[in-house]
Amino acid sequence: MNTDRATSVFWLCISIIVCVASYRLGLGTLSVPGSGFMPFGAAVLLGLLSLICFVQAMGREKSTDAPPLFRGTLWPRVILVFIVLFAYARLIPFGGYRVTTFFLLVFLFRIAGQKKVWKVVLYSFVTTAISYYVFSKWLNLQFPLGPLGF
Amino acid sequence: MDILNNLFLGFQVALLPINLLFCFAGVIVGTLVGVLPGIGPVGAMALLLPATFAVPLSSSLIMLAGIYYGAMYGGSTTSILVNIPGEAASVITCIDGYQMARQGRAGPALGISAIGSFIGGTFSIIGLMVVAVPLAKAALRFGPPEYFALMCAGLIVLTYLTQGSMVKSLMMALVGILLGSVGLDMVVGSPRFTFNVNELTDGVGIIPVVMGLFGVAEVFTNLETTVTREVLKTKITNIWPSMKDYAQTKWSIARGSVLGFLLGILPGGGAILASFLSYGIEKKLSHDPTRFGKGAIEGVAGPETANNAASGGSLIPLLTLGIPPNVVMAMLFSAMIIHGVQPGPLLMTSSPDVFWGLVASMYIGNVLLVLLNLPLIGLWVQLLKIPYRILLPLILLFCLIGAYSLNNSTFDVMVMIFFGGVGYLMRKFGYECAPLVLAFVMGPILEQNLRQALLMSHGSFIIFVSRPISAVTLTIAFLLLLSNVLPFMKKKREKVEEILKEE
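Numbering of residues begins from 1 in every chain and follows the order in which that chain's sequence is written. To label them, take the chains in the order written and letter them from A, then take the ligands in the order written and number them from 1. The model is predicted, so local features are restricted to residues of pLDDT at least 70 and side-chain atom pairs to those at 80 or more, both for listing and for counting; the totals for chains, interfaces and linings are taken over all residues. Here the side-chain values reflect all heavy atoms present in the structure, with hydrogen atoms and water set aside.

S.K.: Honestly, the overall build of chain A in this entry has me stumped. Any pointers?
M.R.: The way it works is that DSSP assigns letters per residue, a run of H or I at least four long becomes a helix, a run of E at least two long becomes a strand, and they are numbered from the N terminus. The helix and strand inventory of chain A stands at five helices and zero strands. Mapped from its N terminus to its C terminus, chain A presents α and β elements in the order α-α-α-α-α. Every radius of gyration here is taken over C-alpha atoms, with the globule rule written as 2.2 Å times N^0.38, N being the number of residues. Taking 150 residues into account, the globule formula puts the C-alpha radius of gyration at 15 Å, and chain A, at 24 Å, lies well above it. Along the first, second and third principal axes, the C-alpha set of chain A runs to 60 × 50 × 25 Å. Relative accessible area decides the class of each residue, using a 1.4 Å probe on protein chains only: under 20% of the type maximum gives buried, over 50% gives exposed, and in between gives partly exposed. For chain A, the residues scored as buried account for 37% of the 150 residues in total. Within chain A, contacts between residues at least 6 apart in sequence are counted, and of these 54% link residues at least 24 apart. Note on definitions: a residue-residue contact is assigned when non-hydrogen atoms from the two residues lie within 4.5 Å.

S.K.: Please clarify how the overall build of chain B should be interpreted in this entry.
M.R.: Broken down by element type, chain B carries 23 helices and two strands. Scaling as 2.2 N^0.38, a compact globule of 503 residues should have a C-alpha radius of gyration of about 23 Å, and chain B matches this with 22 Å. Principal axes of the C-alpha set define a box for chain B whose edges measure 70 × 50 × 50 Å. For chain B, contacts bridging at least 24 residues in sequence account for 78% of all contacts bridging at least 6. When the accessible area of chain B is evaluated, it comes to approximately 19,000 Å², of which 68% is carbon and sulfur surface. Looking at chain B, you have 28 positive and 24 negative side-chain charges, and the mean spots of the two groups are 7 Å apart. Here the Shrake-Rupley method, with its probe set to 1.4 Å, supplies the accessible areas, and only the displayed protein chains count as covering residues. Only four residue types enter the charge count: Lys and Arg as positive, Asp and Glu as negative, with His and the chain ends excluded. Just so you know, the charge point we use is NZ for Lys, CZ for Arg, CG for Asp and CD for Glu.

S.K.: What is the right way to read the packing of aromatic side chains from this model?
M.R.: Aromatic ring pairs are reported here in terms of the distance separating the ring centres and the angle at which the planes meet. Two aromatic rings from Phe, Tyr or Trp, using only the six-membered ring of Trp, form a pair when their centres are within 6.5 Å; if the ring planes differ by under 30 degrees the pair is stacked, by over 60 it is edge-to-face, and anything between is tilted. Under the criterion given, the structure shown has 21 aromatic pairs over all chains. Taking the centre distance of 6.3 Å and the plane angle of 65 degrees together, the rings of Trp11 of chain A and Tyr431 of chain B count as edge-to-face. Of this pair, Trp11 of chain A sits in helix H1 (residues 3-25) while Tyr431 of chain B sits in the loop between helix H19 (410-428) and helix H20 (433-456), placing the two residues on different chains. Look at Trp11 of chain A and you get buried, because its relative accessible area is 13%. Residue classification places Tyr431 of chain B among the buried residues on the basis of a relative accessible area of 6%. Cluster of aromatic residues (ring-pair linked, three or more members): Tyr97, Tyr132, Tyr133 and Phe143 of chain A together with Tyr404 of chain B. Geometry around Tyr132 of chain A places Arg98 of chain A over its ring, the cationic atom sitting 4.0 Å from the centre. Distance and angle both matter: a charge sits over a ring if NZ of Lys or CZ of Arg is within 6 Å of the ring centre and within 35 degrees of the ring normal.

S.K.: Explanation requested: the environment of Gly34 of chain A in the structure shown.
M.R.: Within the secondary structure, Gly34 of chain A sits in the loop between H1 and helix H2 (37-63). Residues Gly34 of chain A and Ser131 of chain A, 97 residues apart in the sequence, show an inter-C-alpha distance of 47 Å. Every residue in contact with Gly34 of chain A, bar those within four places of it in the chain, is listed here: Gly26, Leu27 and Gly28 of chain A together with Arg451 of chain B.

S.K.: Just checking my understanding: could you explain the interface of chain B and chain A for this structure?
M.R.: One frequently used descriptor of interface size is the decrease in accessible area upon assembly of the parts. In this assembly, 55 residues from chain B lie in contact with 61 residues from chain A. In this assembly, chain B packs against chain A so that about 5,000 Å² is buried in total across both faces, 79% of it on carbon and sulfur atoms. Salt bridges are defined as contacts in which a side-chain nitrogen from Lys or Arg sits within 4 Å of a carboxyl oxygen from Asp or Glu. Seen at the junction of chain B and chain A, the total is one salt bridge. Of the charged contacts, one joins Lys168 of chain B and Asp4 of chain A as a salt bridge, the two residues approaching to 2.7 Å between their closest N and O atoms. As a working definition, buried area equals the accessible area (1.4 Å probe) given up by two parts on being put together, with both sides summed.

S.K.: Explanation requested: the nonpolar core in the structure shown.
M.R.: Inside soluble globular proteins, nonpolar side chains tend to come together where they are buried. Residue and element names in this part refer to chain B. Only buried residues count toward a nonpolar core. Its members are Ala, Val, Leu, Ile, Met, Phe, Trp, Tyr and Cys residues joined through side-chain atoms within 4.5 Å. In this structure, Met171, Leu213, Leu315 and Val359 are the most contacted members of the largest nonpolar core, which totals 174 residues. With 14 residues, the top contributor of residues to this core is H20. Formed by 21 residues, the second largest nonpolar core is a distinct cluster that contains Met100, Ile112, Ile253 and Trp380.

S.K.: What exactly am I supposed to notice about the packing of helix H7 (residues 144-161) of chain B against H20 of chain B here?
M.R.: To characterise two packed helices, one gives the angle between the axes of the helices and the distance between these axes. Residues and elements named next belong to chain B. Angular values range over 0 to 180 degrees, each being the angle between N-to-C directions of two axes fitted as lines to C-alpha atoms, with helices fitted over their stretch in contact. Between H7 and H20, the shortest axis-to-axis distance is 8 Å and the interhelical angle comes to 155 degrees. The angle between H7 and H20 places the two elements in the roughly antiparallel class. As H7 runs across H20, the sense of the crossing is left-handed. Facing H7, whose interface residues are Pro144, Pro145, Tyr147, Phe148, Met151, Cys152, Leu155, Leu158 and Thr159, H20 presents Ala434, Pro435, Leu438, Ala439, Met442, Ile445, Leu446, Asn449, Leu450, Gln452, Ala453 and Met456. The cut-offs work like this: below 35 degrees is roughly parallel, past 145 is roughly antiparallel, 65 to 115 is roughly perpendicular, and the gaps in between are oblique. Crossings are sorted by hand: turned counterclockwise from the far helix by less than a right angle, the near helix makes the crossing left-handed, and turned clockwise it makes it right-handed.

S.K.: Where do I start with the side chain of Ser117 of chain B in this structure?
M.R.: Within the fold, Ser117 of chain B resides in helix H6 (residues 106-139). Discounting chain neighbours no more than four positions away, the residues touching Ser117 of chain B are Tyr73, Glu304, Thr305, Asn308 and Asn366 of chain B.

S.K.: Just checking my understanding: could you explain the pattern of salt bridges for this structure?
M.R.: Oppositely charged side chains are able to pair whenever their charged atoms sit close together. Residues and elements named next belong to chain B. On inspection of all chains with the given rule, the structure shows 10 salt bridges over all chains. A salt bridge links Arg105 to Asp245, with the nearest nitrogen and oxygen atoms 2.7 Å apart. Within this pair, whereas Arg105 is found in the loop between helix H5 (93-102) and H6, its partner Asp245 is found in helix H10 (residues 243-265), the two being separated by 140 residues in sequence. The exposure class assigned to Asp245 is buried, which follows from its relative accessible area of 4%. Taking the shortest distance from any N to any O, the salt bridge between Arg255 and Glu282 comes out at 2.9 Å. Here Arg255 is found in helix H10, whereas its partner Glu282 is found in helix H11 (residues 270-285), with 27 residues between them in sequence. Put simply, Asp185, Arg192, Glu447 and Arg451 are held in one network by salt bridges that share partners.

S.K.: Could you clarify how one ought to interpret H20 of chain B in this entry?
M.R.: All names here are of chain B. One less than the number of residues in a helix, times 1.5 Å, gives the span that helix is expected to have. The end-to-end C-alpha distance of H20, which contains 24 residues, comes to 34 Å, matching closely the 34 Å that a straight helix rising 1.5 Å per residue would cover. In this scheme, the bend at a residue equals the angle between the axes fitted to the seven residues that finish there and the seven that begin there. At Met442, H20 shows its strongest bend, of approximately 45 degrees, with the proline Pro444 following within four residues. Judged by how many residues are buried, H20 sits mostly within the fold: 19 of 24 residues are covered. Remark: His458 follows H20 within two positions and exhibits a positive phi of approximately 55 degrees.

S.K.: How should the confidence of the model for chain A be read in this particular structure?
M.R.: Detailed reading of predicted coordinates is not advised where the pLDDT is low. For every residue, the predictor assigns a confidence score, pLDDT, that lies between 0 and 100. Confidence along chain A averages 87 in pLDDT terms, with 91% of residues attaining 70 or more. By mean pLDDT, H2 of chain A is the weakest element of chain A at 87, and helix H4 (residues 97-111) of chain A is the strongest at 93.

S.K.: Which parts of the structure should I look at to understand the confidence of the model for chain B?
M.R.: All names here are of chain B. In the predicted model, chain B carries a mean pLDDT of 84, and 92% of its residues have values of at least 70. Within chain B, no element has a lower average pLDDT than helix H23 (residues 487-502), which sits at 58, and none a higher one than H19, at 93. Interface confidence in the predicted complex, given as ipTM, is 0.92; pTM for the same model is 0.82.

Printed below as a string of structure tokens:
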């Protein structure tokens, strides 16, 4: 299955789910539209366009042979960073801004290609310290505090 | 005379120390994001929007607009010296700008792009002043059917003008509308699609969505490859173009100014389309088109003028009709809504200081940009040498802090990261983010106007075709949709796209 076919099936599923949810919200009448009226209409159109996209992709599949989208790319790095960023967002209320951000930056500088460990640690420490003082002390942003009070 | 009085009021606002400071900060940040690949003007505006919550609306808008037109100036530097566009509107400048730099003419290329940008920017501000007042007066007669029709047409034109599949762009616009319907229903006040998550009661925040789609997704895309940038080792001397250069480019700059301004007004048009079309026109009108691609100075002057002229033109639909024509204007629209000011025809009478202050600040900003970009070009070149391995963590950290600062909540951070992933996948699968964001911003107003129009007409859709303005607007939108389906029109469109790709 080519990518356009796969994504159009995905959007078709989304449109069906939204149609059901909008119907439950209440469509109302044409003279007094309900909460679900607009989302229902948008979801129906999305479903129709997904079908058009699917049919177009079927026609194209025979004539063109598109290269795989992820071949030859460093996509595992993207997934890793995505997971680490989510973990950071979950952990920051418990670990506090300074500790959690320092470790996040160590990871990010390293994955971005900084080879020397001492440079990674130095850059992470300096960036964390400066960002904390600029945003917390000068701009009065309330960062979460960790269990040790920082 | 009225215009001069209003402009005087505008300068009184724009010359206040706080507004001068914000204007300066805006153009500096704009030039910076234009110069540095990795985050564009939209991401930067989303990032800095929370920082402007505590200041008056005028200052906030002055800074955000400064980021936009500052990025148009800065984007040319990387195009000319590195052959990598700092932002999308400078893609076309790479072709002849980089060739000029390789021939040792980086100085005149940078010089003419700054001068052209200044002239284009100034022309568009004058145009904005002349057009905005009568258009706003006419817009006072618009009702819900007209607004609904204009917004529909805007979204369709945007999807029509986006590169790639129009069907996919329309799909993204619909996803944007669905996303915009999350939260409390404005009419009956009941929650929709909130999944019992308290934070979703107010809807999905525009800032985390835009930061994710345009900032984090860009970083993710760059992570996939090993980014290398090589600054051309050329001595930048004699930044001022010669008399021969001026003679060669005077009409390119004039044409770029008019074209950019007109395309800026068009929904979905904006700076990118203006720069591409300007290049095409210059090549077509040239006595010797073979010079293009080999360092023709008109190929730098025209597009750079046009993209700056478009930035002023695109303010017209936003400030007079309350309809943002592109994603950048959607950010300004959000800033106004956050500050409790409704953009539209009443803005000029209810908040003249905001409108005219913004217009006047653009004059000041353009002068500041010429001062920043010509004598300080060496500084921007030095910035280009910052390796991406340093920039990447910093961009991500600023995005994280920016999202957190909205409500001091990690929920917005998670929304941003989620949309970063969504934006990355959208790029991979050929879906455009711009229609999604624009429809997301316009969705609630679109729905409100549709429901009001149906209430007015007791449920009859005839109201949209019985009123002349909405009928004409919807007909144009329908014809555009049809042109993508009819085989001969479709072929013509594909041919134009092919030519643009070749350019």
